[in-house]
Amino acid sequence: MKVFKSFTGIVVPLDRSNVDTDAIIPKQYLKSIKRSGFGPNLFDEWRYLDAGEPGDDHAKRRENPDFILNQPRYREAQILLGRENFGCGSSREHAVWSFLDYGISVVIAPSFADIFYSNSFKNGLLSITLDGDVIDKLFEETLATDNYQLTIDLENLSVSTPDGDNYLFELENGLQERLLQGMDDIALTLSLSDEIRDYEAKRKQQAPWLFAE
Amino acid sequence: MAARTLYDKLWDDHIVHDNGDGSALVYIDRQLIHEVTSPQAFEGLKMNSRKPWRLDANLAVPDHNVPTHHRGQIDDPVARLQLSTLDDNCKETGITKFEMNDPRQGIVHVIGPEQGACLPGMTIVCGDSHTSTNGALGALAFGIGTSEVEHALATQCLILRKAKNMQVIVDGQLGNGVTAKDMVLAIIGEIGTAGGTGHTIEFTGEAISALSMEGRMTVCNMAIEAGARAGLIAVDDKTIEYIEGRPFAPEGETWDRAVEAWQDLKSDADAHFDKIVRINAADIQPQVTWGTSPEMVVPVTGEVPDPAAETDSSVREGMQHALTYMDLTPGTAIKDIKIDKVFIGSCTNSRIEDIRSAAEVIEGKHIADNVILAMVVPGSGLVKLQAEKEGLDQIFIDAGFEWREPGCSMCLGMNEDRLAPGERCASTSNRNFEGRQGQGGRTHLLSPAMAAAAAVAGHFVDVREL
Ligand code: SF4
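Residues numbered from 1 in each chain as written. Chains lettered and ligands numbered in written order. Predicted model: local features only at pLDDT ≥ 70, side-chain atom pairs only at ≥ 80, totals over all residues. Heavy atoms only, no water.

Draft legend 1. Inspection of the site of the ligand at higher detail. Residue and element names in this part refer to chain B. The environment of the ligand is made up of His64, Ile107, His109, Asp128, His130, Ser346, Cys347, Cys408, Cys411, Leu412, Asn430 and Arg436. With respect to the pocket detection grid, the ligand is positioned in the largest cavity. Grouping the amino acids of the shell around the ligand by side-chain chemistry returns five nonpolar, five polar and two charged. (Near = heavy atom within 4 Å. 1 Å grid on protein atoms, 1.4 Å probe; cavity = no way out; pocket = protein on both sides within 12 Å on 5 of 7 lines; lining within 4 Å. Sits in = over half its atoms within 2 Å of the grid points. Nonpolar A, V, L, I, M, F, W, Y, C, P; charged D, E, K, R; others polar.)

Below is the structure:
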């Protein structure tokens, strides 16, 4: 998991609420058994005019010039600005892998769907929640300014604008630390193996039907 | 002890380690596994030389990619590799898996309850958001991402943050021809697709109690479409009756003990809910979605809404966008919308009761000329066998429907069952997102009886008027 302490990147504004994971990465690409290679198919149906299948040479497909990610000024974007209920729909972690593979490592939105939010942090994609008013302002500024960049500071949990505005955001306890140290969740849990076994022993007494003989 | 909700009880029962910051290490009793969201999890285990913590807690089945036409061969090499990867991973680890041609195979959320592999009081996870279906059994069941699949495999636990408690009360009785699907669509129409975000929704009230177990599963299935990771319904006699005798269910003295323990799986009378929504069942009409989000739903007697009447600009734009995609004009009566295809299936509506209710509507009738494909995809091999025993397959075939093998099929079109661009489908599934059933395809969600009625008429009709 690649993790940063502080990072500055170009912002692309995606002005739609309820962006769902089917839109982020369509089903035909979920057949892959890998974690990588999803970048060319991020927002596939919005990004290309022709239909795509796994194995296609996506560089040869016709791009939709109207889709925001295809506009020259946003080509190098690393931060996506979104609207309400971002990432709703299915649990596919492929959605998060697609952003990272494409090169977007931060999504800022007023609200996220629960599973997408939790998936994002497992992979080092930073999902940042800011107030609707702030988001509106960031949309305006991004649209009005070429090469608009934001700086994300993970140690201070802040987003700062080129004008020097500074917005603080919150992360759940432990998440910030885990991200900064790049800790492996499974190793952390396995360090509590004895507690898991104690729980199981107790549970077997109370509810033996939960354990096959 | 203070009064607790059902969710509070399930949560408390599964805490292995309280982190003291609102999060906890939570024990997982059952993990269901399918081919799409598990390969990278097994790979992660292997890379770190880890083994599954407990084999008997896992049950695997292929469903998303399987062909529904013939089971002889899978033409798509990418799908084939994914299916064989599940095979290999289960063989290597020793996890029980139902093969594609096993009659017990089916959609993961259908087979869990059907096998008695999902029981009241359990924590149940699967790398699939519709795991919420199992909440109908009084279990805490929710979808997880692939990293969490790996985590649950390796440790039998997950690090979770407790959600808030939400209660949706459905008072009174549903009218004739109005089903669990209409109820849950109406709830989503009322609270919105983010209405339950951050919450676990417990569905209560007279109309919920009156539902069959199948109907309860339909409601909990779509809790995720209301934004909630988990939906719940308290255990009652129907729950226990449903489970008794199923292959994985406890027996004998253990059964008696289990039944006694399950009696407590309901919210205490004065338990606190952070959010309460009350709906009157008698007000619910048969529902049809018109847009590209499940909250874009109206009664079949209604019409396509006009964005101009919407004051919130971002909602208005969303509606306009959806209308363009769906090729619909504001003011069009829902009943005037013609359809090209009909899909009866998915983990929302592919259980025996769903198939019976659709068969009842089409018996002795035929699909309309403009309907180019109408298909029934049973939720499992056992549902299919049961339907065939009742002669329902023949009713569908006589009516011009295709009778398929079980799987996810055109709910998401990972196999070859898809909509072509521009095609309009009456679908009993749960998501009408852009491209969900095939790129450029247009999905209208509705109940099985309403889908069957639409197949016969060639456009939407009010099933109550038949
Ligand atoms: S039937 Fe549809 S919603 Fe259900 S698990 Fe399969 S793809 Fe997902």
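Draft legend 2. Structural view of unusual backbone geometry. Residues and elements named next belong to chain A. With phi around 55°, Asn18 is a residue other than glycine that occupies positive phi space. Looking at where Asn18 falls in the secondary structure, it is placed in the loop between β1 (6–13) and α1 (21–24). On the basis of relative accessibility, which here comes to 21%, the residue Asn18 falls in the partly exposed class. Backbone geometry at Asn147 places phi at a positive 55°, although glycine is not the residue there. Mapped onto the secondary structure, Asn147 falls in the loop between α5 (132–144) and β5 (149–153). (Helix = DSSP H or I, 4+ residues; strand = E, 2+ residues; numbered from the N terminus. Buried < 20%, exposed > 50% of the residue type's maximum accessible area, 1.4 Å probe, protein only.)

Draft legend 3. Local environment of the packing of aromatic side chains. Residues and elements named next belong to chain A. Tallying each qualifying case throughout the model produces 18 aromatic pairs over all chains. Ring geometry for Phe86 against Phe112: centres 6.0 Å apart, planes inclined by 70°, an arrangement best described as edge-to-face. Of the two residues, Phe86 is situated in the loop between β2 (79–81) and α3 (94–102) and Phe112 in the loop between β3 (106–109) and α4 (114–123); the sequence distance between them amounts to 26 residues. Of the two residues examined, Phe86 and Phe112, each falls in the buried class. A network of ring pairs unites the aromatic residues Phe43, Trp46, Phe67, Phe86, Phe99, Phe112, Phe116, Tyr117 and Phe121 as a single cluster. Above the ring of Phe139, the side-chain terminus of Arg83 is found at 3.9 Å from the ring centroid. (Phe/Tyr/Trp six-rings, centres within 6.5 Å; stacked < 30°, edge-to-face > 60°. Lys NZ or Arg CZ within 6 Å of the ring centre and 35° of its normal.)

Draft legend 4. Spotlight on helix α13 (residues 381–389) of chain B. Residues and elements named next belong to chain B. Listed as buried for α13 are Gly381, Val383, Lys384 and Ala387. Burial along α13 is one-sided: seen end-on, the buried residues are contained in an arc of 160°. In the core, the buried residues of α13 are packed alongside α4 (108–115), α12 (352–362), α14 (392–398) and β17 (402–403). The first or second residue beyond α13 is Gly391, which carries a positive phi of 75°. (Arc of directions from axis to C-beta. Contact = heavy atoms within 4.5 Å.)

Draft legend 5. Region of interest: the sheet that holds β3 of chain A. All names here are of chain A. Taking strand neighbours across the sheet as the criterion, the seven strands line up as β4-β3-β2-β1-β5-β6-β7 in an open arrangement whose pairing is mixed. Only two strands of the sheet have a single neighbouring strand rather than two, namely β4 (126–129) and β7 (166–168). Looking at each pair of strands side by side, their axes are set apart by 25° on average, direction ignored. Strand direction decides the pairing type here: strand β6 (residues 158–160) and β7, joined by three bridges, are antiparallel. Pairing of Ser158 across the sheet is with Leu168, part of β7. (Pairing = 2+ DSSP bridges. Axes fitted to C-alpha atoms, helices over the stretch in contact; angles between N-to-C directions.)

Draft legend 6. Region of interest: the interface of chain A and chain B. Contact with chain A, which involves 60 residues of that partner, is made by 75 residues of chain B. Approximately 5,500 Å² of surface area, both sides summed, lies buried where chain A meets chain B, with 53% of it carried by carbon and sulfur atoms. Together, Lys31, Ile33 and Trp209 of chain A form the three largest contributors to the area buried by chain A at its contact with chain B, with a combined 15%. If you look at where chain A meets chain B, you find seven salt bridges. A salt bridge links Glu172 of chain A to Arg161 of chain B; the shortest N-O distance between them is 3.1 Å. Elements supplying a minimum of two residues to the side of chain A that touches chain B: α2 (44–47), α3, α4, α7 (185–190) and α8 (193–206) of chain A. Looking at the side of chain A that touches chain B element by element, the count peaks at nine residues for α8 of chain A. (Buried area = accessible area lost by both parts, 1.4 Å probe. Salt bridge = Lys/Arg side-chain N within 4 Å of Asp/Glu carboxyl O.)

Draft legend 7. Just a negative patch on the surface, in detail. Residues and elements named next belong to chain B. Taken together, the side chains of Asp237, Glu241, Glu244, Glu253, Asp256 and Glu260 make up a negatively charged region of the molecular surface. For the negative patch, the secondary structure elements donating two or more residues are α9 (237–243) and α10 (252–262). Residue placement: Asp256 occurs in helix α10. (Patch = residues over 30% accessible without salt bridge, like charges linked within 9 Å, V, L, I, M, F, W, Y side chains within 5 Å. Areas by Shrake-Rupley, 256 points an atom, 1.4 Å probe, with all protein chains shown as cover. Lys, Arg positive; Asp, Glu negative; His and termini not counted. Charge placed at Lys NZ, Arg CZ, Asp CG, Glu CD.)

Draft legend 8. Spotlight on the pattern of salt bridges. Within this structure, the stated rule accounts for 41 salt bridges over all chains. With a shortest N-O distance of 3.2 Å, Glu150 of chain B and Arg35 of chain A are connected by a salt bridge. Of the two residues, Glu150 of chain B is situated in helix α5 (residues 146–155) and Arg35 of chain A in the loop between α1 and α2; the pairing between them involves two chains. The partner of Lys97 of chain B in a salt bridge is Asp87 of chain B, with the nearest N and O atoms 2.6 Å apart. Of the two residues, Lys97 of chain B sits in strand β5 (residues 96–97) while Asp87 of chain B sits in helix α3 (residues 77–93), which places them ten residues apart along the sequence. We note that Lys97 of chain B, like Asp87 of chain B, is buried.

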